[in-house]
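Next come the chains, spelled out residue by residue.
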Amino acid sequence: MELTRRRLLSFVPATALLTAVRPASTAQAAQAAQAAEPNVLLANMIAIYAGTAESNARPEVAAKVAAIDSTARTWLSALGRAGTGELFAGLPLGTSDPNLSSSYQHLYEIALAYRRPGGAADLQTAAVRDKIVNGLVWLHDNYYGDQSKGYYGNWFTWEIGISTFVSKTLALVDAPADLITTYVASMDAYLRNGKDGDVDLDSRFHTGANLVDITANRVLQGALLTDDARIRKALQDQFTVFATVDPYNLQHGVTDGYYADGSFIQHASVAYTGSYGKGLLSRVVQTIKVLAGTEYAQSDDLVGVVQGWVEHGFAPLIFEGWMMEIVKGRAVSRTATGYDDVAVVVEAIVDLADYATAADAQRLKAFAKFTARPTINVNSFVSPVSVGRFADLKADASIVPADLNPAELSTAFNAMDRTVHRRPGYAFALARNSSRISKYEYMSGENLLPWFQGDGAHYLYLSGQDQTQAFGIDYFTTVSPYALGGVTAPVETRKSVPELYGTAYYDNAAAGFTASSESQNTYVYFPVGTNTYSGGATLDAYGAAGWVQSDDFAYASRDTLPSDFVDYKNASATKSWFLLDDEIVVLAAGVGDDTRSVTTTLDTRIASATAPVNVARSSRWLRYTDGTVAVGYYLLQAADVSARVETVTRSRRVVRTSNPDTAITKQVFSLSYAQPAGRKRSLAYALVPNATESALNSYQHGRLTLLANTTRLQALQHNGLRLTAANAFGPGLHHLPGITVDGPASVLVRRQAQTVQLAVSDPTTQRDSITVTLQAQYLKPAAPAQGVQVTRTATGTRLTFSTRHTYGASICVKLLPAW
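Q: Please explain the overall build of the chain as it appears in this structure.
A: Of the regular secondary structure elements, the chain holds 20 helices and 34 strands. Projecting the C-alpha coordinates of the chain onto the three principal axes gives extents of approximately 85 × 60 × 55 Å. The burial tally for the chain puts 60% of its 819 residues in the buried class. Restricting the contact set of the chain to residue pairs at least 6 apart, pairs at least 24 apart contribute 69%. Surface accessibility of the chain: about 30100 Å² in total, with carbon and sulfur atoms responsible for 51%. Averaged over its 69 positive side-chain charges, the chain has a centre that lies 6 Å from the centre of its 73 negative ones.

Pasting the structure below:
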């Protein structure tokens, strides 16, 4: 497991962060900091959000600042039309925490226009400032300050959302000192999941992206109060998120954050790089910018960590400017696109590059240029300064667009049960689950039909396609939740949480189920699976992934749950994905259910209502085209698969209660295999991106050899690559031609000329070692291989891979003849 120095930068243990915040070493230094450095923090913050005189005068920034002014005028008008119980017309207060949060947001939006350098004269008057300050006073006096009346609805509103808008607004309008102290006292009091009005690192609410939001607010509040101790404490708390999560040595019991393999988890068990992860990325880069020119932190180390996140956590998940669905949790049901998600990442990268070393800055800028589509909406950037920086980057001919990752790459994000496989022309993304990682995320009326999104669902992205026409909100709107590509589901009708219980959550306080309770999280919002086997190995740019389909934790716990709680039993399957050059081979065994019919969907794609969709078919293959892209499907085992194209019209509200009631019409292509209740079946097929008919015919000439497809062992040989890929699921010895594997494991073996390469991982994350024997071959390591013991035996070469505490990571070795 060789690691470059750059990648090591992203692997920071928690102990290394204890000194990340510089202490004020003397009373004199502390006094100086209290007098000057908070003012620097405030000036930096205002420059981030309101821009500078230089940035705001640039023509490339004109649309951004015009939008700031236009938004402010809209809300000033609504302020003047407010009725009883409203600060802004149309936002009645008293029972709706979203309306209260929105009222604070709109004061902040007016404050941005009031403060921005080079602003419009009519928006930068004393009267406008008075309206903002008076609005803050009125909201506090009537709807926020009374702690006995507040804290209804979502905890996030009170601990993070309102505080974010209030803290920035107080700074933008240079608020009176008494208003600042009044609000900070109230914000501390609303930190009810904290401890004594401060962060509690042992709280499940104060982790990951949420922790960064809370502490960023507290840094700003400390600057407003010129409270040096508050600033340093908030930074020390925030910097814990920079530490790489060690699942074998959790700090404060927290599983949220970045892992050594690039995975990011939020909500304890949800794969979340594309939503909470990008939010965290954006906020920590803002922290780096806020700290610029101060002595509060050793920011060089922080920059190196964030570079590691970008390179190993984000870059593999972005395909032609699109954030992949597999890491977005409930956000897949929102109308914002994968391109919108990446715009957030691009802004963070552009800003981060200003603090990186010259060589790393060039790489980051090249990636930003490579990733940003020509249609990127720079007006969505948080900062006018970032808009200007991005314009400079685009105009700089010396910056040549380049990916941070090679074009051929197989990435196992085993810590969050995700796999990404990339080749020129396509990317394949796979979502799995386990007893460690959630099957899906539902919450607050978002992602209403989520049940199978982590059950082997895949997304095949093809080059040159507008991904909004292939995936995103319209994919989940028009595709049946039981027929996502790659999913095996029982034939039944399930109900969403609001349909089952009449509310957005299961409301049973007597049994411990409230809106934000741990029971709600565990059984309703994001239940984990009950299987331990989920993971796979990578060897160079090739990969294998294996997974055992299971019931979720709610169904497994059904005997202990209240009688009115509804749970669903899953179907059974054992699956493997072998990730090659021109194809992804999928094996499935033990597929079925004793009492229900089951359908396995080999693939599902959507196309516009007018696209020239065509499906060609031969005895062993099918080929889908829509006039823009093509996908082939080759059956390695004969199966009576059904290909169907139907026109579907549904409202986007079917997947999220707050979505606009917009009807979407798509042609939906599905390729599926249906089986009755009873005997378990197996399937074996190849997905062939961008396939031609001649390419599909070529599979009949022995390109792939199916070696095993049972619930104990699934294996394949690619004869052209001389690659054997196998997932062993059960205990005991597993025999393949020339290879024996002991116990559960994922194994790749490739023979090239005189060398043999192996990669091994433990998909259970629980084994201390895995033994692989290469029969009738006497081999030695080409170089010392960490974690691998090579022993010559009477019948060949035995390799023992030390998998203890590797958390599913691949261990690789290259061998040479021993003579």
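Now, onward.
Q: What exactly am I supposed to notice about the sheet that holds strand 26 (residues 733-736) here?
A: Adjacent strands of a sheet form backbone hydrogen bonds with each other and so pair up, either parallel or antiparallel. Reading across the sheet, the five strands line up as 26-27-30-33-32 and stay open at both edges, with antiparallel pairing between neighbours. Looking at strand neighbours, the two that pair on one side only are strand 26 and strand 32 (788-792), the edges of this open sheet. Averaged over all pairs of adjacent strands, the angle between strand axes in this sheet comes to 15°, irrespective of strand direction.

Q: I keep staring at helix 13 (residues 338-353) and nothing clicks. Help me out?
A: Since one α-helical turn is 3.6 residues long, residues separated by three or four positions face the same way. Taking 1.5 Å of rise per residue, the 16 residues of helix 13 would be expected to cover 22 Å, and the 23 Å separating its terminal C-alpha atoms lies within 8% of that figure. Counting buried positions along helix 13 gives 14 out of 16 residues, so the element sits mostly inside the fold. The N-terminus of helix 13 is capped by Thr337, whose side-chain oxygen sits 3.2 Å from the backbone nitrogen of Tyr339.

Q: Mind showing me how you'd approach the packing of helix 7 (residues 155-172) against helix 9 (residues 208-225) here?
A: Two numbers describe a pair of packed helices, the interaxial angle and the distance between the axes. Helix 9 packs onto helix 7 with a crossing angle of 35° between their chain directions and a minimal axis gap of 9 Å. As helix 7 packs across helix 9, the resulting crossing turns out to be left-handed. Contact residues: Trp155, Phe156, Glu159, Ile160, Ser163, Thr164, Ser167, Lys168, Leu170 and Ala171 in helix 7; Asn210, Asp213, Ile214, Asn217, Leu220, Gln221 and Leu224 in helix 9. Grouping the amino acids of the contact of helix 7 with helix 9 by side-chain chemistry returns eight nonpolar, six polar and three charged.

Q: In this structure, what is going on with the sheet that holds strand 8 (residues 426-431)? I would like to understand it.
A: Read from one edge to the other, the open sheet built from four strands follows the order 6-7-8-9, with strand pairing classed as antiparallel. Each edge of the open sheet carries a strand with a single partner, namely strand 6 (409-413) and strand 9 (457-462). Mean inter-strand twist for the sheet, computed between neighbouring axes without regard to direction, equals 10°. As paired strands, strand 7 (residues 418-423) and strand 8 are joined by six bridges and run antiparallel to one another. From the neighbouring strand, Arg418 faces strand 8, where its bridge partner is Ala431.

Q: In this structure, what is going on with the packing of helix 11 (residues 273-290) against helix 13? I would like to understand it.
A: Following both chains from N to C, one finds helix 11 and helix 13 inclined at 25°, their axes separated by 9 Å at the closest point. Accordingly, the angle class assigned to the pair helix 11 and helix 13 is roughly parallel. By crossing handedness, the relation of helix 11 to helix 13 is classed as left-handed. In this structure, helix 11 contributes Gly274, Lys278, Leu281, Ser282, Val285, Ile288 and Lys289 to the contact, and helix 13 contributes Asp341, Val344, Val345, Ala348, Asp351 and Leu352. Partitioning the contact of helix 11 with helix 13 into residue classes produces seven nonpolar, two polar and four charged.

Q: Help me understand the environment of Ser682, please; the structure alone is not making it clear to me.
A: Its place among the elements puts Ser682 in strand 22 (residues 681-689). Judged by its relative accessible area of 30%, Ser682 is partly exposed. Spatially, the C-alpha atoms of Ser682 and Ala588 are 5.3 Å apart, while their sequence positions differ by 94 residues. When neighbours within four sequence positions are excluded, Ser682 is seen to be in contact with Ala588, Ala589, Gln637 and Asn709. At 3.1 Å, the side chain of Ser682 and the side chain of Gln637 are in polar contact.

Q: Would you mind going over the pattern of salt bridges with me for this structure?
A: Once the charged atoms of two side chains with opposite charge are near each other, the side chains can pair. Going through the model one piece at a time under the given rule, you end up with 35 salt bridges. One salt bridge in this structure joins Glu446 and Arg334, with 2.7 Å as the shortest N-O distance. Residue Glu446 is located in the loop between strand 8 and strand 9, and its partner Arg334 is located in the loop between strand 5 (322-323) and helix 13; the two are separated by 112 residues in the primary sequence. A relative accessible area of 26% places Arg334 in the partly exposed class. Shared partners join several salt bridges into a network, and the residues in it are Asp188, Asp198, Arg218, Arg230, Lys233 and Asp237.

Q: I keep staring at the packing of aromatic side chains and nothing clicks. Help me out?
A: Any two aromatic rings considered together are summarised by their centre-to-centre distance and by the angle between their planes. Applying the stated criterion across every chain, the model contains 49 aromatic pairs. With a centroid separation of 6.1 Å and 85° between ring planes, the pair formed by Tyr104 and Tyr183 is classed as edge-to-face. In this pair, Tyr104 is assigned in helix 5 (residues 97-115) and Tyr183 in helix 8 (residues 177-189), connecting sequence segments 79 residues apart. For the pair shown, Tyr104 and Tyr183 are each scored as buried. Following the ring pairs from residue to residue traces out a cluster consisting of Tyr104, Tyr144, Tyr151, Tyr152, Trp158, Tyr183 and Tyr190. Directly above the ring of Tyr542 sits Arg423, whose terminal nitrogen or CZ lies 5.2 Å from the centroid.

Calculation criteria
Residues numbered from 1 in each chain as written. Predicted model: local features only at pLDDT ≥ 70, side-chain atom pairs only at ≥ 80, totals over all residues. Heavy atoms only, no water. Helix = DSSP H or I, 4+ residues; strand = E, 2+ residues; numbered from the N terminus. Buried < 20%, exposed > 50% of the residue type's maximum accessible area, 1.4 Å probe, protein only. Contact = heavy atoms within 4.5 Å. Areas by Shrake-Rupley, 256 points an atom, 1.4 Å probe, with all protein chains shown as cover. Lys, Arg positive; Asp, Glu negative; His and termini not counted. Charge placed at Lys NZ, Arg CZ, Asp CG, Glu CD. Pairing = 2+ DSSP bridges. Axes fitted to C-alpha atoms, helices over the stretch in contact; angles between N-to-C directions. Expected span 1.5 Å × (residues − 1). Polar contact = N/O pair within 3.5 Å; in protein donor to acceptor, adjacent residues only side chain to side chain. Left-handed = near helix turned anticlockwise from the far one by under 90°. Nonpolar A, V, L, I, M, F, W, Y, C, P; charged D, E, K, R; others polar. Parallel < 35°, antiparallel > 145°, perpendicular 65-115°, else oblique. Salt bridge = Lys/Arg side-chain N within 4 Å of Asp/Glu carboxyl O. Phe/Tyr/Trp six-rings, centres within 6.5 Å; stacked < 30°, edge-to-face > 60°. Lys NZ or Arg CZ within 6 Å of the ring centre and 35° of its normal.

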